[in-house]
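In case you want the letters, here they are:
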Amino acid sequence: MMEQLPSGSWNKISEIAYKCLHNARKNRPSMGWVVKELKQALEVQVLYCSTMDLKMEKIGVEMIVHEIFTRLPAKAIGRFKCLSKFFRKELSNHNFEIMHSRRILSSLQKKLLSLKDNSIIVDNIVGGNLEADTSKTINSPFNVHPSFLRIIASFKGLLLVCNERICCELILWNPTTRRFKFLSDDYFNLNFVLNSDTGGMYFDDSNDLKVLHIKRYRNVVNARVYSRRRESWRMINSLNITNFASLHYSWSHGIYSGKTIYFMVSNNWFPPGERHIVAFDVFSQSFSTLPFPEVMEVNHWQGHFLSIARKLHVIVVGWADGLFADLFKFEDETWIKVFSFNKPHIVDYLERRRRTNIIQDNKWLITSIWGDIVEVDLCNESFKYLQHVDDYSGPKGALFIETIVSPID
């Protein structure tokens, strides 16, 4: 490959790569500098290509696209698409989208989108905590007031949003690229119902983006899947979850981890304290149930799913001689306690209204599926562990990563 590259272009790309991999973050170049230098290197390659009558495929484009471009921020990718038709094609295909999102997912820097009363705010989350003075206000691209929006799920930079103003229609939205899609409403006679329905997102084995929608109506539960590629819904087998069709059960939103979407299901009416974890395998498209940690057998408890280092975790809050909050990890088909949080306390309505973000000042808000909200403080141990959080959501807010994954095929 080196023989096919002009020396000036190869040296420039090597210089950029080494600077981007510097151990000290403060010594790494800014993204503006990276974009500018890569453009210059690519211009040398294009000139060399035309002079030597070579195709772009022969001058190391695969290395540039797969090893360099997949490490760039989504907004930089958008600027590179304007460089040429070739790069627009290479950087717009779904395989590149998935590779880029996998690389970006390992970064400690995430974004927190918060739905305020009159605005939508995006903050930087670095190492599990909100970075000061990074707030940006963005506009809703679908002309819906923020007070009518609810976040159902976050996946690969996409948000599944419910618009309560118009029959709770579902919207796929990428806040980074500002692209969105209203999902077709031909799948049910009734649209998404916030208090009884739930859902999640995933890629199948053919890299088709899918949206799972679980609907309960008159003690009947149905599960259907939307295909981005086909732009249509189809019903799937939901026999394993028919026991949880009653509205006496409360379902959490789905969280994706390890080719599975997990839901927490609880019935605090009859029998009291009944609880389950429902798992949806995205390849077999089948449902199953998982056991709870023994500590969850205490009454009264609540749980909150999150993904850390791509593994399923749950924060369990309960009463045992006082309020407690413990973090558990699901690994090798068993639950392992990681640590206990310091000073958990229930957040009342007025305090909840004053609180601006679900992650703020080394404190996290935990929401139960029954609506209670608990705040936990992060000590050194918990802060270090939680800096690798991948997916976390709360009242009117959710983490996401900046990707170029499109809601439109």
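Along each chain, residue indices are assigned from 1 in the same order as the chain's sequence is written. Selection of residues for local features in this predicted model requires a pLDDT of at least 70, selection of side-chain atom pairs for listing and counting requires 80 or more, and totals for whole chains, interfaces and linings are taken over all residues. As a convention, hydrogens and water are excluded, and side-chain values are obtained from all of the structure's heavy atoms.

## Some remarks on the overall build of the protein chain
No. 1: Secondary structure elements are taken from DSSP: a helix is a run of H or I of four residues or more, a strand is a run of E of two residues or more, and numbering for both begins at the N terminus. Along the backbone of the protein chain there are eight helices and 28 strands.
No. 2: Each residue is assigned to one of three classes by its accessible area relative to the maximum for its type, calculated with a 1.4 Å probe on protein chains only: buried under 20%, partly exposed between the two thresholds, exposed over 50%. The buried share of the protein chain, taken over its 409 residues, is 52%.
No. 3: In what follows, a contact means two residues having at least one pair of non-hydrogen atoms within 4.5 Å. Long-range contacts, defined here as pairs at least 24 residues apart, represent 54% of the contacts in the protein chain between residues at least 6 apart.
No. 4: The accessible surface values rely on the Shrake-Rupley method and a 1.4 Å probe; as for residues, cover is taken only from the protein chains in view. Carbon and sulfur atoms make up 50% of the accessible area of the protein chain, which totals about 19900 Å².

## Quick word on the environment of glutamine 302
No. 1: Tracing the chain through its elements places glutamine 302 in strand β18 (residues 301–308).
No. 2: Sequence separation of glutamine 302 and glycine 318 is 16 residues, and the distance between their C-alpha atoms is 6.4 Å.

## Some words on the sheet that holds strand β5 (residues 149–155)
No. 1: Pairing between strands is defined by DSSP: at least two bridges between the two strands are required. Taken together, the four strands give an open sheet; going across it, the order is β5-β6-β7-β8, and neighbouring strands pair in antiparallel fashion. Two strands lie at the open edges of the sheet, namely β5 and β8 (179–182), each paired on one side alone. The sheet shows a mean angle of 25° between the axes of neighbouring strands, direction not considered.
No. 2: Bridge analysis of β5 against strand β6 (residues 158–163) gives six bridges, and the strand direction is antiparallel. From the neighbouring strand, leucine 149 faces β6, where its bridge partner is asparagine 163. Lines fitted to C-alpha atoms define the axes here, with helix axes fitted over just the stretch in contact, and angles between the N-to-C directions of these axes take values from 0 to 180 degrees.

## Some details on helix α6 (residues 94–105)
No. 1: Under the 1.5 Å per step criterion, the end-to-end length of α6 is 16 Å for twelve residues, consistent within 8% with the ideal 16 Å.
No. 2: Within the span of α6, buried status applies to His94, Phe96, Glu97, Ile98, His100, Ser101, Ile104 and Leu105.
No. 3: A distance of 3.1 Å separates the backbone nitrogen of asparagine 95 from a side-chain oxygen at the start of α6, and that oxygen is part of asparagine 93. Take the number of residues in a helix, subtract one, and multiply by 1.5 Å to get its expected span. Under this definition, polar contacts are N or O atom pairs within 3.5 Å; protein pairs additionally need one hydrogen-donor-capable and one acceptor-capable atom, and for neighbouring residues in sequence, both atoms have to be side-chain atoms.

## A closer look at unusual backbone geometry
No. 1: Not every positive phi belongs to a glycine, and asparagine 219 is a case in point at roughly 60°.
No. 2: Among the secondary structure elements, asparagine 219 is positioned in the loop between β10 (209–217) and β11 (220–227).
No. 3: Of the residues examined, asparagine 219 reaches a relative accessible area of 56% and is grouped as exposed.
No. 4: Backbone geometry at glutamine 285 places phi at a positive 55°, although glycine is not the residue there.

## Here's the deal with the environment of lysine 215
No. 1: Mapped onto the secondary structure, lysine 215 falls in strand β10.
No. 2: As a C-alpha pair, lysine 215 and alanine 245 span 30 residues in sequence and 8.6 Å in three-dimensional space.
No. 3: A polar side-chain atom of lysine 215 sits 3.0 Å from a polar atom in the side chain of aspartate 197.

## Topic: the nonpolar core
No. 1: What is meant by a nonpolar core is a set of buried Ala, Val, Leu, Ile, Met, Phe, Trp, Tyr and Cys residues, joined one to another through side-chain atoms within 4.5 Å. Among the nonpolar cores identified, the biggest contains 38 residues, and Leu160, Leu212, Ile214, Trp251 and Phe287 are the most heavily contacted of them.
No. 2: Ignoring sequence-local partners within four residues, the contact set of isoleucine 214 consists of Ser196, Asp197, Thr198, Val221, Asn222, Ala223, Ile241, Trp251, Phe263 and Phe287.
No. 3: Formed by 24 residues, the second largest nonpolar core is a distinct cluster that contains Phe341, Leu365, Leu386 and Tyr392.

## A short note on the pattern of salt bridges
No. 1: Think of a salt bridge as a Lys or Arg side-chain nitrogen and an Asp or Glu carboxyl oxygen that are within 4 Å of each other. Per the stated rule, a full pass over the model turns up eight salt bridges.
No. 2: The shortest N-O distance in the salt bridge between lysine 337 and aspartate 326 comes to 3.6 Å. Of the two residues, lysine 337 sits in strand β21 (residues 334–340) while aspartate 326 sits in strand β20 (residues 323–331), which places them eleven residues apart along the sequence.
No. 3: Under the relative-accessibility criterion, lysine 337 is labelled partly exposed at 46%.
No. 4: Residue classification places aspartate 326 among the buried residues on the basis of a relative accessible area of 6%.

## Some remarks on the packing of aromatic side chains
No. 1: Pairing of aromatic side chains requires ring centres within 6.5 Å, counting the rings of Phe and Tyr and the six-membered ring of Trp. Pairs whose planes differ by under 30 degrees are stacked, by over 60 edge-to-face, and all others tilted. Applying the stated criterion to the full structure yields 17 aromatic pairs.
No. 2: Taking the centre distance of 6.4 Å and the plane angle of 70° together, the rings of tyrosine 262 and phenylalanine 330 count as edge-to-face. Placement of the pair is tyrosine 262 in strand β15 (residues 260–267) and phenylalanine 330 in strand β20, with a sequence separation of 68 residues.
No. 3: Taking 5.9 Å as the distance between ring centres and 85° as the angle between the ring planes, the aromatic pair formed by phenylalanine 339 and tyrosine 385 counts as edge-to-face. Residue phenylalanine 339 is found in strand β21, and its partner tyrosine 385 is found in helix α8 (residues 380–386); the two are separated by 46 residues along the sequence.
No. 4: By the ring-pair criterion, three or more aromatic residues cluster together here, those being Phe142, Trp173, Phe180 and Phe182.

## Examining the sheet that holds strand β9 (residues 198–203)
No. 1: In spatial order, the strands read β9-β10-β11-β12; together these four strands make up an open sheet with antiparallel pairing. Across the chains shown, the open sheet's two edge strands, defined by having one partner strand only, are β9 and β12 (232–236). Each strand of the sheet is rotated relative to its neighbour by a mean of 25°, with strand direction disregarded.
No. 2: By the bridge criterion, five bridges tie β11 to β12 in an arrangement that is antiparallel.

## A few points about the pairing of strand β16 (residues 274–281)
Walk down a regular strand and you will see the side chains alternate between the two sheet faces.
No. 1: Taken across its eight residues, β16 has seven buried, putting it largely inside the fold.
No. 2: Two strands pair when backbone bridges link them, and β15 and β16 are joined in this way by eight bridges, in the antiparallel orientation. Residue pairing in the sheet places threonine 260 in a bridge with aspartate 281 of β16.
No. 3: Here five bridges tie β16 to strand β17 (residues 286–290), and the two strands are oriented antiparallel to one another. Counterpart to valine 278 in the pairing with β17 is threonine 289.
No. 4: A loop of four residues connects β16 with β17, the two strands running antiparallel in sequence, and glutamine 285 in this loop sits at a positive phi of about 55°.

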